Amino acid sequence: MAGPWRNGSSNGALPRSARYSAWSLLRQGLRRYPDWPRAWRAHELKDSYDVVIVGGGVHGLACAYYLAANHGITNVAVLDKGYLGGGGSGRNTAILRSNYLTPEGVRFYDRSMELYRNLAAELNYNVMFSRRGHLTLAHNDGSLRTMHWRAEVNKLQGVDSSVIGPDEIKKLVPYLDTSAETRYPILGALYHPPGGIIRHDAVVWGYARAADAHGVHLHQQTEVTGIDVEHGRVTGVQTSRGRIATGAVLNATAGWSTLVSDMAGVRMPVTTSPLQAAVTEPVRPFLDAVVVSGTLHVYVSQTDRGELVFGASVDPFTSYSMRGSLDFVEGLAGHVLELMPALSKMRLLRQWAGLCDMTPDYSPIMGPTPVEGFYVDVGWGTYGFKAGPVSGETMAETIATGRPAELITSFGLERFERGELVGEKGAAAVGH
């Protein structure tokens, strides 16, 4: 399948005209009216593309970039019914880690962490990656056993992860209440030093700019209304701006993934639920690590600007609503104060929600489907942003070669028929 698509090899480097540099900054700064080029261009919708990617978030844009940079496939269109990064990529809390539970998950997410660490240099764009350390708290013996289990799986895969006690936790996060008198005493934590946070918008913009520089067409305000399938294979995509002929379509639409897959006649074992988050007023930095409590269903981190970002597990119902709720804020605030009572006077600025596509085993669905030419990169639940780079890299390889990349062979749709699930719930119940 890859042969006819190749437009020539590429080493991934951006064209010189598209690169930011100290010299370009100085030159533009000396001008009275700087004329910085647009980060990406608007194009007329072509009648046909080699590959059409539905979803302009980090997964879709990363796949488009790696198709061009790694495989020389540049006749690619990314379609989004809104604006780039306006879905889950713009609504998540941008926490990064790779300390998952299954060997398949650990290897996969660790490759994503490797790509994230070098992303700013590769894309010539500051994605503001900040290594903080990641703490998953254990409040009972069962949770502590799970933390030891995860730590050993991580170590076998070469991932820096270990269980630490309350005294070490207190040194890392002095504001945590580690006393024995609390309602939910902290018995230990899974400590993952490579974990951290990143600027989600910057990741989206960096991939979009780099894909555009390689010739990919990015189409915003272009809704997919149908997928044409003839004799068991994809032949085109219907959009609000006209029809596109194509032999390859990637569904990378997160919360809307089942709606798009249904257009191709492919059923997905996926449900969609809202995930809420909130942010406080900015304060002086005091929280270096990312703190997660599965028992309390809460996580918290502090941004570079000083805001505290809070979140919880997905809402216990299926819905496409992205409105916040008072019940969420009340429950979240109570659990946060059980961990850090000193935050009681902080003011909440705003709250929001995103849509999560949940699978039965809390692992993604990636690769080809029974419809030839129709590929999926869905089922990401609450942890899709962490996998953005590696998902793009592996899906680009899968589309270019016609064979599932090695890292995603365990995540195929057929695993549900075979009963070979990849159970990540023990490491993703809160999602961060």
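The structure this text deals with has already been given above.
None of these values were measured; they are calculated from a predicted model.

**Considerations on the sheet that holds strand E8 (residues 196-197)**
- Taken in spatial order, the 3 strands line up as E3-E8-E4 in an open sheet, and their pairing is antiparallel. The sheet is open, and its two borders are formed by strand E3 (95-96) and strand E4 (130-131), each paired with just one other strand.
- Pairing of E3 with E8, which is carried by 2 bridges, proceeds in the antiparallel orientation. Following the sheet pairing, Ile95 is matched in E8 by Ile197.

**Side note on the sheet that holds strand E15 (residues 290-293)**
- Read across the open sheet, the 8 strands follow the order E6-E7-E5-E15-E16-E17-E14-E18; overall the sheet is mixed. The open sheet has two edge strands, strand E6 (162-164) and strand E18 (348-358), and neither has a second partner. The mean angle between the axes of side-by-side strands here comes to 25 degrees, regardless of whether they run parallel or antiparallel.
- Across 3 bridges, strand E14 (residues 271-280) lies against strand E17 (residues 308-311) in antiparallel orientation. Bridge assignment links Ala278 to a residue of E17, and that residue is Phe310.

**Considerations on helix H5 (residues 141-156)**
- Given a rise of 1.5 Å per residue, 16 residues ought to cover 22 Å, and the 23 Å separating the end C-alpha atoms of H5 matches this to within 8%.
- Taken together, the buried positions of H5 are Ser143, Leu144, Met147, Arg150, Ala151, Val153 and Asn154.
- A positive phi of about 80 degrees marks Gly158, the residue just after H5.

Criteria and cut-off values
- Residues numbered from 1 in each chain as written.
- Predicted model: local features only at pLDDT ≥ 70, side-chain atom pairs only at ≥ 80, totals over all residues.
- Heavy atoms only, no water.
- Pairing = 2+ DSSP bridges.
- Helix = DSSP H or I, 4+ residues; strand = E, 2+ residues; numbered from the N terminus.
- Axes fitted to C-alpha atoms, helices over the stretch in contact; angles between N-to-C directions.
- Expected span 1.5 Å × (residues − 1).
- Buried < 20%, exposed > 50% of the residue type's maximum accessible area, 1.4 Å probe, protein only.

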